[in-house]
Amino acid sequence: MNNADLLARSLAAVWHPCTQMKQHANADAGALPLIPIASGNGVWLRDFDDRRYLDGISSWWVNLFGHANPRINAALRAQLDELEHVILAGFTHAPVVELSERLGKLTDGALGHCFYASDGASATEIALKMSFHAWRNRGRTEKREFLCLEGSYHGETVGALAVTDVAIFKDAYAPLIRAAATVPTPDARRAEAGETPVDVARRAAAALERHLEKHHDSIAALIVEPLIQCASGMAMYDPEYLRLARALCDRYEVHLICDEIAVGCGRTGTFFAHEQAGIRPDFLCLSKGISGGYLPLSVVLTTDAVYGAFYDDATTRGFLHSHSYTGNALACRAALATLDIFEEDGVLAANRALAAHLGQSLAPLAAHPRVRHFRQRGMIAAFDVAIDDPHFSRKFYRAALAREILLRPIGTTVYVMPPYVIGRDECDFLAQRAGEALEAALR
Ligand SMILES: *Cc1c(COP(=O)(O)O)cnc(C)c1O
């Protein structure tokens, strides 16, 4: 196997995600390179010629403890010899039981019932269906609408697109979608003169209140990405919004769904992002980092109250969602090994120091004359670049790859979201090379 061979075969046979394939095929300067990867180790990815790339976005936000992590590898090897998978309807196994118990404990028992799938969009679909069905089982059949935030992203299946508000993903498929209503985002960048992030949060919550006042009878749930709307450009907001949204959802009898698929698992500094608001949701969606970036796994956690709404003699009052790989034993084992690392290594505390160092590394970039709204929460840092160039993202991406770093700006927003095993020197390297890539992309 070599670089050229794999590239040609990939272009012929693999339809890559989120990609206009013709941009890979073009040989001209505007082309997007397709990168063959032979192996990974820690934060580094390597091609067949031993060219290396620092994975500054944790391979689309999934990898927490590095590629080829020895401890997760060992746990998976041991699990392979016990059980790879078994149907979860009518059967159960140790990894899924242990994982459910441990996740429930991480919510102090508030969300003690776990329903599994394999990807984030399915977790969104499950939370929406469960919310609707729980209300219906309680006789509230008129509660069949959902509410999401401006700039929200909850996945790209037809159901999940209904609560996603990112034009590039949604517009093409609009005729297929039963779109949810959107309410204003608490994005702190929306601050008017003299406003603090808390003021913006309160203003957005007031708009939510006006909407709920009028429409709560027909609304089943509000779905939010706690603290950071990642996919629409790392929009960060004050926890005050979550506190107010929780109180409003209680007052108007609307479920609160926290989609922590991107921000969960320690990414924002606490294990769950919603903890920073001192609240609990009715539904919590996890995926991406939960398996350490090893295997597809998602889970929706919910309360005794929701679970109780389904507990009945009638099959049709049960939750109706069948997924072949539900609770896959290998994926659950990878998740358990991931949780072990959190505990054994005191990762949340270590990440506080690491995040502070990452912020210092990026300080020169934050002060760059073309950089706006530098922001950081835990192990995510982002800034906007003042430039009017529709090709900025692609130019930066290419310039970054040429400098041994993998960063994929969202429009003109550059962000870093590295694995938690990144070293201090590697933070400095990432920031230094990102600065050089920025200069190159601005030229
Ligand atoms: C990535 C993401 C999803 C979708 O997850 P997939 O596994 O890609 O389907 C949903 N919500 C949020 C907040 C995400 O970041």
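J.: Explanation requested: the overall build of the protein in the structure shown.
T.: A count of helical and extended segments in the protein gives 15 helices and 16 strands. Its C-alpha radius of gyration of 22 Å places the protein within 12% of the 22 Å reference for a compact globule of 443 residues. Dimensions of the protein along its principal axes, counting C-alpha atoms only, are 60 × 60 × 45 Å. Among the 443 residues that make up the protein, the fraction classed as buried is 52%. Counting only contacts in the protein whose residues sit at least 6 apart along the sequence, the fraction spanning at least 24 positions is 72%. Accessible surface computed for the protein: about 19,200 Å², of which carbon and sulfur atoms make up 53%. Each charge class in the protein was averaged separately, 44 positive and 52 negative side chains, and the resulting centres sit 4 Å apart.

J.: Would you mind showing me how to read the side chain of His255 here?
T.: With respect to the secondary-structure elements, His255 resides in strand E10 (residues 255-259). Exposure remark for His255: the relative accessible area of 9% places this residue in the buried category.

J.: Sorry, what's going on with the nonpolar core here?
T.: Inside soluble globular proteins, nonpolar side chains tend to come together where they are buried. Formed by 113 residues in total, the largest nonpolar core has its most connected members in Leu99, Leu103, Leu208, Leu222, Met234, Tyr241 and Phe396. Two domains each put at least three residues into this core: domain 1 (37-68 + 349-442) and domain 2 (71-345). Setting aside residues no more than four positions away along its own chain, Leu222 makes contact with Leu147, Cys148, Leu208, Ala245, Cys249, Val254, His255, Leu256 and Ile257. With 25 residues, the next largest nonpolar core counts Trp135, Phe146, Ile257 and Ala309 among its residues.

J.: Mind showing me how you'd approach the site of the ligand here?
T.: Taken together, Trp61, Asp119, Gly120, Ala121, Tyr153, His154, Gly155, Glu225, Asp259, Ile261, Ala262 and Lys288 make up the full set of residues adjacent to the ligand. In the model, an oxygen atom of the ligand is placed 2.6 Å from a nitrogen or oxygen of the Lys288 side chain. Taking 380 Å² as the accessible area of the ligand by itself, protein coverage stands at 82%. Tallied by class, residues from the shell around the ligand come to five nonpolar, three polar and four charged.

Scoring rules and cut-offs
Residues numbered from 1 in each chain as written. Predicted model: local features only at pLDDT ≥ 70, side-chain atom pairs only at ≥ 80, totals over all residues. Heavy atoms only, no water. Helix = DSSP H or I, 4+ residues; strand = E, 2+ residues; numbered from the N terminus. Rg over C-alpha atoms; globule rule 2.2 N^0.38 Å. Buried < 20%, exposed > 50% of the residue type's maximum accessible area, 1.4 Å probe, protein only. Contact = heavy atoms within 4.5 Å. Areas by Shrake-Rupley, 256 points an atom, 1.4 Å probe, with all protein chains shown as cover. Lys, Arg positive; Asp, Glu negative; His and termini not counted. Charge placed at Lys NZ, Arg CZ, Asp CG, Glu CD. Core = buried A, V, L, I, M, F, W, Y, C linked by side-chain atoms within 4.5 Å. Domains from an automatic or database assignment. Near = heavy atom within 4 Å. Polar contact = N/O pair within 3.5 Å; in protein donor to acceptor, adjacent residues only side chain to side chain. Nonpolar A, V, L, I, M, F, W, Y, C, P; charged D, E, K, R; others polar.

Function-wise, these values are silent; they only describe arrangement.
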